[in-house]
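A look at the structure
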Amino acid sequence: MPKSQVRRDHFGGLLRTLRLERRLTQEELAEAAGSSVRGIREMERGRVRSPQRRTVVLLADALRLAGEDRDRFVALARVERQPHDRAAVPDDRVAVPDDRVAEVPHDRSALVVPAELPAAVPDLAGRAEILERLSALAADVTAGRPDTASVVVLHGPPGIGKTSLAVAAGHRLSLAFAGGQLFVDLQGASSDDPADPAEALAGLLRSLGVPDSRVPVSPAERGGLFRTLTRDRPLLVVLDNAASEAQVRPLLPAGRGCLALVTCRRPLTGLAGAVRLPLDLLAPAAGRLLLAAIVGADRIAAEPAAADQLVKLCGRLPLAVRIAGNRLASRPEWSVGWLVDLLRDQRQRLTVLTAGDLGVRSAFEVSYRQLDPMTARVFRRASLIPGSDFEPALAAAVAGTDEDTAAAALEELVEAGVLLTMGDRYQFHDLLRLYAQERLDAEEQQASRTGAHDQMVGWLLRRTRQAGLMFEPVASRVDSPFDDDRAAAYWLNRESVNWLAALRDAARRGRHADVVAVTRALHWYSDANSHRHSWDEIFSLGVAAARAAGSPRDEAVLLNFLGWARYFCRDRNTDGLAALDRALELAQRIGDRREEAWALTYTAAIFIRIGRGGAAVDHCRRAVGLFREIGYALGEHSAASALGGALATLGRFAEAAELHGDVLAFYVQGNGLSRTGAAVAQAGAMMSLGADLAGMGLWRNAADEYARARRLFNRCGATFSEAIAIHRYGLALQALGEVDAAGEALRAALALYAALSCPWWEAQTLSALAALAGSAPGQAADARLLRQRALDRCGELDAPEVRTLRATLRRELAES
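Everything quoted here is computed from the prediction, not taken from an experiment.

A residue-level look at the protein chain finds 93% of positions with pLDDT of 70 or above and a mean pLDDT of 88. This model gives residues 1–9 a pLDDT under 50, and the stretch forms 16 contacts once residues within four places in sequence are excluded. Throughout residues 82–110 the model reports pLDDT below 50, and contacts reaching past four residues in sequence, or to other chains, amount to 54 contacts.

Listed below in structure tokens is the structure:
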């Protein structure tokens, strides 16, 4: 064993002995000395080659050493700061005269070749791709290729495995850097007192064989000497746990054949010419591999589902997965499922993810302590946001600050590695959200937490109402933060999880007026986004709030919306009729002719679906008359469009086409509708006109109308209606004998229906595809499979049209 190793172990052993004599844990000693647990552990293991004098003094203070014991402790640390095996190094190897200008020897082979990398973890998982990239970069560096970056920053959140990866890469690349491998813990994220670059430079110079007496006093001269010594030697330098660019810059070697690997929670964007490699969470498969390496492959293979759940509950964070594996390895009697059950309790998850001196919470704590008060406040309170991602404006609302301040704080949190960014939105890692919630509970009173939550809910309700009103006729709009209805739709779509959670919260807490106002405001938006949100739930909340508030007029309005949502969005015709019957009765009782007319119109739409054309015609004519009486042209033309559909079900296609032509002309003129509302209405009229033309056998004309409608629906994001347009376009092409084009259109419609989870429409499309396959030679098996899939998609749906299709499919399957 080399003499330097013996000395290092001697100091580490003494440190450990003194700590144990005083019955201190590594954590307690670290806290008392202002050091890190990791630093204490590395010193005790002899892996820290040159402990800083200030650190040694603080340790002596924490251990309450005095007199000869203190002198011996400090002296041993000073001995370990001497170069490796001083007896083998001639004093004149690097001469630094009084003017501190280094004279570098001609005999480079006499220089010390350091090998300071800590032991690599044996079970690194999920980093093969980035290791390959580092290998390629190292090859370019050592080959002297021009324009090759010589600095790599491995960055990411706490616990992502930056140090493990850097050390593993260092060992893998060590043969390429025959000049040596240096390792410096800069203590940037693990201490309130990061390493002084000048002290770090002194340690690097000693590692390269410079005697203590020859180390320059000036930081600038130390840097100059370091660059001189590294100019012509292939050297790998691992700068672990960096705090900032300013800390790193003086420590970068100068030689073209040198490579510096820097690990940091921040990307160090001010470091010029560096390659930045962000570390991602482990893929599920890599997480299982890491568990298997720690626990044993057989044990993980025996509970594969539990192992997958364990990786998921650890948030796929390498540190968390490693801790979970260590706990299982130390508890052979535990099943994987047992640990999974422990981790399911969110209140205890961070506590469970602790093993020895490793802990997820403590890793997060280091970054949190370094945040300024406002940034820490944004971090804590953002945990109240219900959705997985959010915008700066919402963070500002919950933190009680302005948007610019919140945006700056969010960027600082990203830089600190405790928040993820997705373009202009932000997201917590699951475990960091739990930590933020812990800090919120610990640092803010209940009244403060409740106030922040209420601020967020109120802001979301106001913004949702403002966005919804952008789709109302122009005369009904209010001052809004949105430029137009497209901007409003963009916000509503992206913030849907958050505003729906706020709406539910308001309903639970009896904020009836707010719930009614928001749900009423969303009606016109729902027309263009019929299958994007759970409108039956949303409008049910509105109905209940209106009833609780004692507002029959609002209740009638929202019952009509609910009836529409149930039949149009959920294909629940019977439930839709029930809501519309209540709306009709209530509207008639209070004398609200407008809502009475809407109830008749929506009911007629369901009658058309279930084949009751005569009743539908009657309801539509009554609705047209009521709308005309009150001078509501928009409602009159909506009812007229439904009337055309009812006439078509009775085979009166020419009359229907004339009505639908008039309706289309009305919508083309706009008549006060928002841009999106007008486009959706026009496209709906084109669809109706296409159906009329198809009924008359004018399939080419019908296909043209469906194609026009599809383009409009696509432009305004009405995906479900677009799918119906494509579906009908495919059927028209089928009737024209254009089999290949018809199949392509039907498959496109099927994909959209499946993405929107519309089983009834999937069943109809699969049945049409089966008919196409059945008419082609040699595709009988495909046709049978498609019919079986269509039957499966009918599921438990119970409506006349579903029962008819189900019976047809069963007959065709029996005959095939």
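With respect to the helices and strands, the residue Arg 425 is situated in strand β10 (residues 425–427). Arg 425 sits 194 residues away from Arg 231 along the chain, and the two C-alpha atoms are 44 Å apart. If we ignore the near neighbours within four places in the chain, the residues touching Arg 425 are Asp 389, Phe 390, Glu 391, Leu 420, Arg 494, Glu 495 and Asn 498.

The geometry of helix α18 (residues 373–382) relative to helix α20 (residues 403–415) is characterised by a closest axis approach of 9 Å and an angle of 85 degrees between their N-to-C directions. By the angle between their directions, the pair α18 and α20 is classed as roughly perpendicular. Along its contact with α18, which presents Met 374, Thr 375, Val 378 and Phe 379, the element α20 presents Thr 405, Ala 409, Leu 410, Glu 412 and Leu 413. Taken together, the residues of the contact of α18 with α20 sort by class into 6 nonpolar, 2 polar and 1 charged.

Before going further, it helps to examine the sheet that holds strand β8 (residues 389–390). One open sheet holds the 3 strands; their spatial order is β8-β10-β9, and the pairing between them is antiparallel. Every other strand in the sheet has two partners, leaving β8 and β9 (420–422) as the edge strands with one partner each. By the bridge criterion, 2 bridges tie β8 to β10 in an arrangement that is antiparallel. Each bridged residue has a counterpart across the sheet, and for Asp 389 the counterpart in β10 is Gln 427. Across the sheet, α20 touches β8, β9 and β10, and the angle it forms with β10 is around 50 degrees.

Another aspect to go through is empty space enclosed by the protein. Taken as a whole and assessed by the stated rule, the structure comprises 2 cavities of 30 Å³ or more. Of the volumes computed, that of the second largest cavity is approximately 50 Å³. Forming the walls of the second largest cavity are Pro 157, Pro 158, Leu 281, Leu 317, Phe 364, Leu 420, His 429 and Leu 432. Taken together, the residues that form the lining of the second largest cavity break down as 7 nonpolar, 1 polar and no charged.

Quick look at the packing of helix α19 (residues 392–399) against helix α22 (residues 446–469) now. Where α19 meets α22, the closest approach of the two axes is 7 Å, and the angle between their N-to-C directions is 140 degrees. Taken as axis vectors, α19 and α22 run oblique relative to one another. From α19, Ala 393, Leu 394, Ala 397 and Val 398 reach across to α22, where they touch Ala 452, Gln 455, Met 456, Trp 459 and Leu 460. In terms of residue class, the contact of α19 with α22 is made up of 8 nonpolar, 1 polar and no charged.

Structurally, Glu 596 can be placed in helix α30 (residues 593–609). One buried charge, Glu 596, has no salt-bridge partner; the nearest side chain with opposite charge is Arg 622, at 4.4 Å. There is a polar contact of 3.3 Å between the side chain of Glu 596 and the side chain of Gln 588. When near neighbours in sequence (up to four residues on either side) are disregarded, Glu 596 contacts Leu 584, Ala 587, Gln 588, Arg 622 and Leu 626.

All right, on to the pairing of strand β4 (residues 259–264) then. Looking down a regular strand, the side chains alternate between one sheet face and the other. Most of β4 is tucked away: 6 of the 6 residues are buried. Here β4 shows no split at all, with Leu 259, Leu 261 and Thr 263 on one side and Ala 260, Val 262 and Cys 264 on the other all buried. Bridging between strand β1 (residues 151–155) and β4 involves 5 bridges; their strand directions are parallel. Bridge pairing links His 155 to Cys 264 in β4. Pairing geometry for strand β3 (residues 236–240) and β4, over 4 bridges, is parallel.

What counts, and at which threshold
- Residues numbered from 1 in each chain as written.
- Predicted model: local features only at pLDDT ≥ 70, side-chain atom pairs only at ≥ 80, totals over all residues.
- Heavy atoms only, no water.
- pLDDT = per-residue confidence, 0-100.
- Contact = heavy atoms within 4.5 Å.
- Helix = DSSP H or I, 4+ residues; strand = E, 2+ residues; numbered from the N terminus.
- Axes fitted to C-alpha atoms, helices over the stretch in contact; angles between N-to-C directions.
- Parallel < 35°, antiparallel > 145°, perpendicular 65-115°, else oblique.
- Nonpolar A, V, L, I, M, F, W, Y, C, P; charged D, E, K, R; others polar.
- Pairing = 2+ DSSP bridges.
- 1 Å grid on protein atoms, 1.4 Å probe; cavity = no way out; pocket = protein on both sides within 12 Å on 5 of 7 lines; lining within 4 Å.
- Points joined across faces, edges and corners; volume = space filled by probe spheres on them.
- Buried < 20%, exposed > 50% of the residue type's maximum accessible area, 1.4 Å probe, protein only.
- Lys, Arg positive; Asp, Glu negative; His and termini not counted.
- Salt bridge = Lys/Arg side-chain N within 4 Å of Asp/Glu carboxyl O.
- Polar contact = N/O pair within 3.5 Å; in protein donor to acceptor, adjacent residues only side chain to side chain.

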